[in-house]
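Descriptive analysis of the structure
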Amino acid sequence: MQENYLRDENTTFNWLYRHYQHRFVRFANSYIQDLPAAEDIVTEALMYYWENKASLAGESNVPAYVLTVIRNKCLNYLRSQEVRRDYSQAVQDYYEWDLNTRLATLEDCEPHELFSEEIKELVNAAFRKLPEKTRRVFRMHRIEGKSYKEIADSTGLTVKGVDFHIQKALKLFRKDLKDYFPLFLLFY
């Protein structure tokens, strides 16, 4: 008796699969536009029917029941695709914004200005470390463009004393501006 019941259920399932599987796949694919996913959905719906057949009423319209399961699975699939698309769009929007920001920043960037500001800060910090007399002598020579003789005359130092202060300043700058010293010499 049990064997006849199982055979009848298997026969019903096989009949359902043979007669409706292609139709179910076409139905699912017409909505989700992804044949492998449509085939998976139909297989899952048929398995769901098989696992839950005992809870169905005896006179249930099995193809309509399976089609309802397929419909719900297609809706879930499309909703998940919509979430993925929205997330992908948000990620794409972020990357586009990030790229545009980097492009605009790079286009507006003037390396000479940035570098000059950076060097000016380092030079000013090093300059403040110099003793007052050395700072004054260096400024007169490198910034004001005065000769050693002119500086010696206005400060009461000898030309050799002026040279001493210039070399002292350059030694400190060479140490404090080691990465920028060649450029420092170019500007000062």
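What comes next is a walk through the structure. (Residues numbered from 1 in each chain as written. Predicted model: local features only at pLDDT ≥ 70, side-chain atom pairs only at ≥ 80, totals over all residues. Heavy atoms only, no water.)

**So, the overall build of the chain**
Broken down by element type, the chain carries eight helices and zero strands. Secondary structure elements in the chain, listed N-terminal to C-terminal, are α-α-α-α-α-α-α-α. For the chain, the proportion of contacts with a sequence separation of at least 24, taken over those separated by at least 6, is 59%. (Helix = DSSP H or I, 4+ residues; strand = E, 2+ residues; numbered from the N terminus. Contact = heavy atoms within 4.5 Å.)

**A few points about the environment of Leu16**
Among the secondary structure elements, Leu16 is positioned in helix 1 (residues 2–32). Residue classification places Leu16 among the buried residues on the basis of a relative accessible area of 1%. In sequence terms Leu16 and Val66 are 50 residues apart; their C-alpha atoms lie 9.5 Å from each other. Apart from residues lying up to four places away in sequence, Leu16 is in contact with Gln21, Phe24, Leu46, Tyr49, Val62, Pro63 and Val66. (Buried < 20%, exposed > 50% of the residue type's maximum accessible area, 1.4 Å probe, protein only.)

**Observations regarding the pattern of salt bridges**
A full pass over the atoms with the stated rule returns five salt bridges. Residue Asp86 is joined to Arg85 by a salt bridge in which the shortest nitrogen-to-oxygen separation is 2.8 Å. Between Arg135 and Glu132 there is a salt bridge, with its nearest N and O atoms 3.2 Å apart. Linking Arg135 with Glu132, this pair stays in helix 5 (residues 132–143), spanning three residues, or about one helical turn. For Glu132, a relative accessible area of 52% puts it in the exposed group. (Salt bridge = Lys/Arg side-chain N within 4 Å of Asp/Glu carboxyl O.)

**What about unusual backbone geometry?**
In this structure, Gln33 takes a positive phi of about 60° despite not being glycine. Residue placement: Gln33 occurs in the loop between helix 1 and helix 2 (35–52). Residue classification places Gln33 among the exposed positions, given a relative accessible area of 64%.

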